[in-house]
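Reading the structure
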Amino acid sequence: MNGVLPDSALRQLIETGAISAERPILPEQVQPASLDLRLGQTAWRLRASFLAGRGRKVSERLADFEMHRMDLSGGAVLEKGCVYLVPLMERLALPAGLDAVANAKSSTGRLDLLTRLVTDEGTEFDRLPEGYDGPIYAEICPRSFSVLVRPGMRLNQLRLRQGQSVLSDAELNHLHAAQPLVTGQALIDDGLGFSVDLRPDQGDLVGYRARPHSGVIDLDRIGAYRASDFWDELRTRDGQLILDPGAFYILVSREAVAIPPDYAAEMAPYLAMVGEFRVHYAGFFDPGFGHGTGGHGARGVLEVRCHEAPFALEHGQVVGRLVYERMSARPERLYGEGIASNYQGQGLKLAKQFGAA
């Protein structure tokens, strides 16, 4: 059946060697509809981001862009504003009929840590063609904070799919009528639209803006950092927020969304808004996200970067859309069920490395 592969199918691909790795793949890497990917032992500091291009391997192109090589085994700092390439531990030999798409994990995006998958013969980031057979790499560019990384850290994830599985607007309307996908009225136009919340039910905290000159974040230290050392709180009572060019923001959607067990979703920019600002990182939403919250759904955290001019963002303004896809089968475990899911039932929330303000 066409659709996104669930956890059981991913485990089968691991058993048959279609997904292999230099170290055994850990059970916790297998998510309901994706596979977490692990950093390898080495990072190359690059003078520029690049794609291998048709007929070329990443290893052949490195000499054109490599500045120096770093051993990650004892931990190494990836500096803000620099570009790095890290071979991943996993390798793929996709069977015919399967392609794949990659995305940053939730905490990676919330740290403004641009992480994209690079492949041999690749002509675009985060996309693997049907039948891809070869190594995979992560290109990492810290945008707001320098970070300490080690081998085995999981910054991005891979979703495999067979055939066309994206729901049309008509199918999405039908699904929403059968099992509501969003609180309030559904805006369905090339996916399920969602808007920004700048009038919270309680208080006046609407988001956070990354501070420009902060310390290093060790990605393994959960809850270890004081939020106020890295983020400025944004408060408003008038439902408006002016975005500064180049600044990075954490905001939250007004709507609470749900992903039913037989579906997965991906966050995408709302195209009409791309000229002013964009929801900076796309993201995977696994089956069951917001579904096990008593019918209330979960709100989506928005990672927003403004473009060239200051922009006045208004409460209820549509800023993104969720593209829903069918699963080829229901996952054995849903998001939040016996899995370390840090963001089930979330509201406005920073990455898991931050504790109290």
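Our subject in this report is the structure included herewith. Keep in mind that what you see is a predicted model, and the values were worked out from it rather than measured.

1. A look at helix α4 (residues 169-178)
Looking at α4, one finds that the buried residues are L172, L175 and H176. Seen end-on, α4 carries its buried residues on one side only, within an arc spanning 100°. Summarising the geometry of α4, the exposed residues directed more than 90 degrees from the buried face are A170, H174, A177 and A178.

2. Section: the pattern of salt bridges
The final tally for this structure, using the stated rule, is 26 salt bridges. Two residues, R11 and D7, come together in a salt bridge whose shortest N-O distance is 3.9 Å. One end of the pair is R11 and the other is D7, both in helix α1 (residues 7-16) and four residues apart, which spans about a single turn. Measuring nitrogen to oxygen at the nearest pair gives 3.4 Å for the salt bridge that ties R211 to D232. With R211 in the loop between β16 (205-210) and β17 (217-218) and D232 in strand β18 (residues 231-235), this pair connects stretches of sequence that are 21 residues apart. The partly exposed category is assigned to R211, whose relative accessible area is 35%. Since its relative accessible area comes to 27%, D232 is described here as partly exposed.

Procedures and definitions
- For every chain, the first residue of the written sequence is number 1, and numbering continues from 1 onward in sequence order.
- Two thresholds apply to this predicted model, a pLDDT of at least 70 for residue-level local features and 80 or more for giving and counting side-chain atom pairs, whereas whole-chain, interface and lining totals are computed over all residues.
- Values shown for side chains rest on all heavy atoms present in the structure; no hydrogens or waters enter the calculation.
- In this scheme, a residue with accessible area under 20% of its type's maximum is buried, one over 50% is exposed, and one in between is partly exposed, where area comes from a 1.4 Å probe on protein chains only.
- Here a strand is any run of E in DSSP of at least two residues, a helix any run of H or I of at least four, and the numbering for each starts at the N terminus.
- As used here, the arc is the angular range of directions from the helix axis to the C-beta atoms.
- For this analysis, a salt bridge means a side-chain nitrogen from Lys or Arg found within 4 Å of a carboxyl oxygen belonging to Asp or Glu.

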